[in-house]
Amino acid sequence: VALIESHLLGGDCLTVGCVPSKLLLRCAKAAAAVRNASEFGVNVSGEVSVDFGFVMERLRRLRAGIAPVDSAQRYSEKLGVDIFMGKGKFTGKNTIEVNGKTLKFAKAVVATGGTASVPPIPGLKEAPYLTNASIFNLTERPARMGVIGAGPIGMELAQAFQRLGSQVTVFSRDDKILPREDPDAARIVEESLRRDGVTFAFNVKYKGVESRGGKPPVSVVVEDPDGERTLEFDALLVATGRKPNVTGLGLEEAGIEYDERLGVKVSDRMQTTNPNVYAVGDVASKYQ
């Protein structure tokens, strides 16, 4: 087996997904438990403070402790896998080029995942916005955080930062959060976030995003049923869904059909239109 990776082994889950988000959520849960301890007859005197720098240091330390499981050393030395660090590109129906070298394969798997989808809001690309790929790099807690998007990623990070001491505002173009989920379950989640202090703005139209020289603070101009208004934040998280990583892979040369929005076309057995190539995960999944 040859494993080709263009960035970091372990991918999104280890570096910018499941692992760091759950480490952050655990700290947020601890802060909320202390604040609400009186409900259980446990009285904590004084104001609860959060050392955000320690929270993020702990996150990175524990993530680094897990990383050897996904390391190149483990896969090459202990498991016998040939590791190629570079951008792989199909050059034919049974060939892939990486770092100027051509690899021939009997079978191949496309597992390139997805990336954050950034909406075409005027001024957003020039502003210092965050996504799941960059939010875990923070070292200072933003006093005011805006979240564009009310899906799963936006909701869990909104609650985490609110519990850690930020004042969070969530924007949604819909009239509710988690529009793809069960409505009763979504209402329970919304009520929980409101108890934590999260503010919501529903049915918004994004007029633009403004910043001063590409640095915080960031202003979001929206229009809702109450009219047009501008809100200013120290950090802005964009969590408006994901898009599959399909460009620049040479899929056409391999005879693999794909769509830039829906990803690689696969059968019920995850087989692409090239019978020797399969695709798995976010690059070939309706739900990312």
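All values reported here derive from a predicted model rather than from experimental measurement. (Residues numbered from 1 in each chain as written. Predicted model: local features only at pLDDT ≥ 70, side-chain atom pairs only at ≥ 80, totals over all residues. Heavy atoms only, no water.)

**A look at the sheet that holds strand β14 (residues 227-233)**
With antiparallel pairing, 3 strands are arranged side by side in an open sheet as β12-β13-β14. The sheet is open, and its two borders are formed by β12 (205-212) and β14, each paired with just one other strand. Sheet twist, expressed as the mean angle between neighbouring strand axes with direction ignored, is 20 degrees. (Pairing = 2+ DSSP bridges. Helix = DSSP H or I, 4+ residues; strand = E, 2+ residues; numbered from the N terminus. Axes fitted to C-alpha atoms, helices over the stretch in contact; angles between N-to-C directions.)

**As for helix α6 (residues 183-196)**
For α6, spanning 14 residues, the distance from its first C-alpha to its last is 20 Å, which sits close to the expected 20 Å at 1.5 Å a residue. Along α6, the positions that sit buried rather than exposed are A186, E190, S192 and L193. One side of α6 holds all its buried residues, which, seen down the axis, span an arc of 160 degrees. Exposed and facing more than 90 degrees away from the buried side of α6 are I188 and R195. On its buried face, α6 is in contact with α5 (152-163) and β11 (199-201). One side-chain oxygen of the residue at the start of α6 lies 2.9 Å from the amide nitrogen of D184, identifying that residue as D182. (Expected span 1.5 Å × (residues − 1). Buried < 20%, exposed > 50% of the residue type's maximum accessible area, 1.4 Å probe, protein only. Arc of directions from axis to C-beta. Contact = heavy atoms within 4.5 Å. Polar contact = N/O pair within 3.5 Å; in protein donor to acceptor, adjacent residues only side chain to side chain.)

**Looking at the side chain of S166**
Residue placement: S166 occurs in the loop between α5 and β10 (167-171). One polar contact links the side chain of S166 to the main-chain carbonyl oxygen of P142, over a distance of 2.5 Å. When neighbours within four sequence positions are excluded, S166 is seen to be in contact with R141, P142, A143 and F161.

**Brief notes about the layout of surface pockets**
Taken as a whole, the second largest pocket holds about 250 Å³ of empty space. If you go around the second largest pocket, the residues you meet are A32, R35, N36, E39, Q162, R163, G165, S192, R195 and D196. Of all the elements in the fold, those that place two or more residues in the lining of the second largest pocket are α2 (18-35), α5 and α6. A total of 3 residues in the lining of the second largest pocket trace back to one element, the largest contributor, which is α6. Counted by class, the lining of the second largest pocket contains 1 nonpolar, 4 polar and 5 charged residues. (1 Å grid on protein atoms, 1.4 Å probe; cavity = no way out; pocket = protein on both sides within 12 Å on 5 of 7 lines; lining within 4 Å. Points joined across faces, edges and corners; volume = space filled by probe spheres on them. Nonpolar A, V, L, I, M, F, W, Y, C, P; charged D, E, K, R; others polar.)

**A look at the sheet that holds strand β15 (residues 235-238)**
One open sheet holds the 5 strands; their spatial order is β8-β15-β9-β10-β11, and the pairing between them is parallel. Every other strand in the sheet has two partners, leaving β8 (129-130) and β11 as the edge strands with one partner each. Examined bridge by bridge, strand β9 (residues 144-148) and β15 share 4 bridges and lie parallel to one another. Residue pairing for β15: M145 is matched across the bridge by A235.

**Structural notes on the pairing of strand β13 (residues 215-224)**
Among the 10 residues that make up β13, 7 are buried, leaving the element largely enclosed by the rest of the structure. As judged from the 7 bridges shared by β12 and β13, these two strands associate in the antiparallel manner. Bridge pairing links S211 to V218 in β13. Note: β13 against β14, 7 bridges, orientation antiparallel. What sits directly across from V222, in β14, is R229. Hairpin remark: β13 followed by β14, antiparallel, with 2 residues in the connecting loop.

**Some remarks on the pattern of salt bridges**
All chains considered together, the criterion is met by 13 salt bridges. A salt bridge links D175 to K176; the shortest N-O distance between them is 3.6 Å. Two residues, R187 and D184, come together in a salt bridge whose shortest N-O distance is 2.2 Å. With R187 and D184 both in helix α6 and 3 residues apart, the pair spans about one turn of that helix. Here R187 falls in the partly exposed class, since its relative accessible area comes to 45%. When salt bridges that share partners are traced, they join R144, R212, E232 and D234 into one network. (Salt bridge = Lys/Arg side-chain N within 4 Å of Asp/Glu carboxyl O.)

**Some points on a nonpolar patch on the surface**
A cluster of nonpolar side chains, namely V34, F40, V42 and V44, defines an oily patch on the protein surface of about 380 Å² accessible area. With respect to the element layout, V34 can be found in helix α2. (Patch = residues over 30% accessible without salt bridge, like charges linked within 9 Å, V, L, I, M, F, W, Y side chains within 5 Å. Areas by Shrake-Rupley, 256 points an atom, 1.4 Å probe, with all protein chains shown as cover.)

**So, the nonpolar core**
The tendency in soluble globular proteins is for nonpolar side chains to be buried as a group. Counting 37 residues, the largest nonpolar core has L24, I135 and V170 as the members making the most contacts within it. Secondary-structure elements contributing two or more residues to this core are α2, α3 (52-66), β9, α5, β10, α6 and β15. Ranked by the residues each element gives to this core, the list is headed by α2, at 6 residues. Among residues more than four places away in sequence, those in contact with I135 are M56, L130, M145, L157, F161 and L237. With 16 residues, the next largest nonpolar core counts I148, F171, L231 and L236 among its residues. (Core = buried A, V, L, I, M, F, W, Y, C linked by side-chain atoms within 4.5 Å.)

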